[in-house]
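An overview of the molecular structure
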Amino acid sequence: MEAPHVSGSDSASSSSSPASPSSAAVWSPLRFFRFPISTLLEHSGILRVLPEGYESIAPERNVAESETPDLGSGEGGELTIRIVGNGEQDRVGIEGEAVVDGGETAVEERGVGGAEAASVTVDSGGNVAESVSGGTRDSSYQRYDVQQVARWIEQILPFTLLLLVVFIRQHLQGFFVTIWITAFMFKSNDILRKQTALKGERKMFVLVGYLLAFMLHVIVIYWWYWKANLFYPLLLLPLKAIPPFWHAVFIVLVNDTMVRQTAMAVKLVLLMHYKNGRGHHFRRQGQMLTLVEYTLLLYRALLPTPVWYRFFLNKEYGSLFSSLTTGLYLTFKLTTIVEKVQSFFTALKALSKKDVHYGAYATPEQVNASGDMCAICQEKMQAPILLPCNHIFCEDCVSEWFERERTCPLCRALVRAPDLQSFGDGSTSLFFQLF
């Protein structure tokens, strides 16, 4: 048997109740201009939108004021009473619902907007137990803190942007040059990778044109900054004068980018040399490109050292402090250089090996037994290589495969140990070596 629905407030009172805090945010350009962070947080649902005059945190309820809940009052919202029989197993709690089961009555009352929730339990003896949930109240306090932080950021944001504009204006030429050389380097890296993938279809006059463009770009940059002390770090010599911080960053960044641009020109020369290479020559081309890249990484790791050595060795801060900071920097730098040296010698050792380190050349009998058909290019075998898993492929095809993978193209067995990352595709590391 189920009791009828009992409402503690009529339609008139419910229509005059305050608006819910979870109402949709009003997205206006003026509000976004004044409070950008708060508007974005409210639009994403992190902050609740509160109407004018609404208190975000409801006052705490004094439980000791009454011993029994006022079931007839409608000021706290709606109240529903449901009597459940012994055979029913549905014990789902509904907002503002009282359940009587086996002589026990449970009443749950929720205030407007969900700011406060109170549950009341009446047992068969008439005793009343009431508890107030504070989870929603804690959430309200957390959202209030987030809103205060957002407002604080909005207050300092205009001044911060103004300082940023002034800083960019003071270093306008440096910003333009940095953006230009970075964009040129990214484009050059894409060009080099595409030319490497063309193999025998590469055109000599195109390679020569790219080579001249790369070298001309490097020459123009160093000619433009002839008096900016860019040449001393290239020879791993410390600067004569102590550079300001941003000037030191600019020197390191320009030299790091120009050195990579020069290395790309060297790789273009290698592509000209191995233009019509197949099989053994293609594998040697990949090894040479990898060796050039690891030589570049080692030199780039050493390149910022003279600049920051001179920057930290500033006697104006005291001899002890400057010596301590310089010693710490050199110690940190030494730990990174050791890894680069190991990678360089590993690449040099791989170049000195004439045998294929991931297999052996197959005999004519083995090639005939496999069908004399490469599974990669679907053509007749050219310089066939027998892998440890007994699969045979063209040396040209399998060498290009192992530039990207370490497993057999057919059975996926591990063939090439992950000892050294290959740069045989002509790519160059794009991460800046600032320190």
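From a predicted model like this one, the values you see are computed outputs, not experimental measurements.

So, on to the packing of helix H10 (residues 305–312) against helix H11 (residues 319–352). It is at 8 Å that the axes of H10 and H11 come closest, and there the two elements cross at 160 degrees. When the interaxial angle is binned, H10 and H11 end up roughly antiparallel. Helix-helix and strand crossings are classified by hand; for H10 and H11 the assignment is right-handed. Residues Thr305, Trp308, Tyr309 and Phe312 of H10 lie in contact with H11, whose contacting residues are Ser322, Thr325, Thr326, Tyr329, Leu330 and Lys333. Its residues assigned to classes, the contact of H10 with H11 shows five nonpolar, four polar and one charged.

Before going further, it helps to examine the UniProt feature "domain: RING-type" (unreviewed entry) in the chain. Those residues carrying the UniProt feature "domain: RING-type" (unreviewed entry) are residues 374–412 in this numbering. Here residues 374–412 is 18% helix and 15% strand, with 16 Å between the C-alpha atoms at its ends.

Ordered by their spatial adjacency, three strands build an open sheet running E6-E7-E8, and the pairing between neighbours is antiparallel. At either margin of the open sheet sits one strand with a lone partner, and together these are strand E6 (360–361) and strand E8 (392–394). As paired elements, strand E7 (residues 384–386) and E8 share three bridges and run antiparallel to each other. Bridged to Ile385 within E8 is Phe393.

To continue, consider the environment of Cys394. For Cys394, the position within the fold is in strand E8. Its relative accessible area of 1% is what places Cys394 among the buried residues. Sequence separation of Cys394 and Glu379 is 15 residues, and the distance between their C-alpha atoms is 9.0 Å. Discounting chain neighbours no more than four positions away, the residues touching Cys394 are Cys374, Cys377, Lys380, Met381, Gln382 and Ala383.

Residues Ile181, Tyr225, Leu230, Val254, Met258, Val307 and Trp308 are the most contacted members of the largest nonpolar core, which totals 20 residues. Looking at this core, the elements with two or more residues in it are helix H5 (172–198), helix H6 (204–224), helix H8 (245–273) and H10. Per-element tally for this core: the top contributor is H8, with eight residues. For Trp308, the residues in contact, after removing those within four places along its chain, are Phe245, Ala248, Val249, Val252, Tyr329, Leu434 and Phe435.

With that settled, consider H6. The end-to-end C-alpha distance of H6 is 30 Å, a good match for the 30 Å that 21 residues give at a rise of 1.5 Å each. Here H6 has its buried residues at Leu207, Leu211, Phe214, His217, Val218, Ile221 and Tyr222. Looking straight down H6, one finds that the buried residues subtend no more than 125 degrees of arc, so they occupy a single side. Those residues of H6 that are exposed and aimed more than 90 degrees away from the buried face are Phe205, Leu212, Leu216, Ile219, Trp223 and Trp224. Next to the buried residues of H6 lie H5, helix H7 (231–234) and H8.

Now for the environment of Lys333. Along the chain, Lys333 turns up in helix H11. Sequence-wise, Lys333 and Ala301 are 32 residues apart; in three dimensions their C-alpha atoms are separated by 8.0 Å. Engagement of the side chain of Lys333 in a polar contact is seen with the backbone oxygen of Phe435, the distance being 2.6 Å.

In this section: the UniProt feature "transmembrane region" (unreviewed entry) in the chain. When the UniProt feature table is mapped to this numbering, "transmembrane region" (unreviewed entry) covers residues 204–225. Annotation note: span residues 204–225, helix share 95%, strand share 0%, distance between end C-alpha atoms 32 Å.

A few words now on the pattern of salt bridges. Throughout the structure, instances matching the rule amount to four salt bridges. Residues Arg193 and Asp425 are paired through a salt bridge, measuring 3.7 Å at the closest nitrogen-oxygen approach. Of this pair, Arg193 sits in helix H5 while Asp425 sits in the segment after helix H13 (395–401); the two residues are 232 residues apart in sequence, bridging distant segments of the chain. Judged by its relative accessible area of 41%, Arg193 falls in the partly exposed class. Residue Arg260 pairs with Asp256 through a salt bridge whose shortest N-O separation is 2.7 Å. Here the residue Arg260 and the residue Asp256 both occupy positions in helix H8, the gap between them amounting to four residues, near one helical turn. On the accessibility criterion, Arg260 (0% relative accessible area) is buried.

Turning our attention to the environment of Leu351. Structurally, Leu351 can be placed in helix H11. C-alpha separation for the pair Leu351 and Met288, spaced 63 residues apart in sequence, amounts to 7.1 Å. Aside from chain neighbours lying at most four places away, what touches Leu351 is Arg284, Gln287, Met288 and Leu291.

By convention here, two paired aromatic rings are described through the distance between centres and the angle between planes. In total, this model carries 20 aromatic pairs according to the counting rule given. Plain terms: the ring middles of Phe167 and Phe175 are 5.9 Å apart, the flat faces sit at 85 degrees to each other, and that makes the pair edge-to-face. For the ring pair Tyr222 and Phe231, a centre distance of 5.4 Å and an interplane angle of 35 degrees mean the geometry is tilted. We classify Tyr222 as buried; its relative accessible area is 11%. Aromatic ring contacts, followed pair by pair, group Phe167, Phe175, Phe245, Trp246, Trp308, Phe311, Phe312, Tyr329 and Phe435 into a single cluster. The positively charged end of Arg260 is found above the aromatic ring belonging to Phe432, 4.8 Å away from the centroid.

Definitions and limits used
Residues numbered from 1 in each chain as written. Predicted model: local features only at pLDDT ≥ 70, side-chain atom pairs only at ≥ 80, totals over all residues. Heavy atoms only, no water. Axes fitted to C-alpha atoms, helices over the stretch in contact; angles between N-to-C directions. Helix = DSSP H or I, 4+ residues; strand = E, 2+ residues; numbered from the N terminus. Parallel < 35°, antiparallel > 145°, perpendicular 65-115°, else oblique. Left-handed = near helix turned anticlockwise from the far one by under 90°. Contact = heavy atoms within 4.5 Å. Nonpolar A, V, L, I, M, F, W, Y, C, P; charged D, E, K, R; others polar. UniProt positions renumbered as here; feature names shortened; annotations may be inferred. Pairing = 2+ DSSP bridges. Buried < 20%, exposed > 50% of the residue type's maximum accessible area, 1.4 Å probe, protein only. Core = buried A, V, L, I, M, F, W, Y, C linked by side-chain atoms within 4.5 Å. Expected span 1.5 Å × (residues − 1). Arc of directions from axis to C-beta. Polar contact = N/O pair within 3.5 Å; in protein donor to acceptor, adjacent residues only side chain to side chain. Salt bridge = Lys/Arg side-chain N within 4 Å of Asp/Glu carboxyl O. Phe/Tyr/Trp six-rings, centres within 6.5 Å; stacked < 30°, edge-to-face > 60°. Lys NZ or Arg CZ within 6 Å of the ring centre and 35° of its normal.

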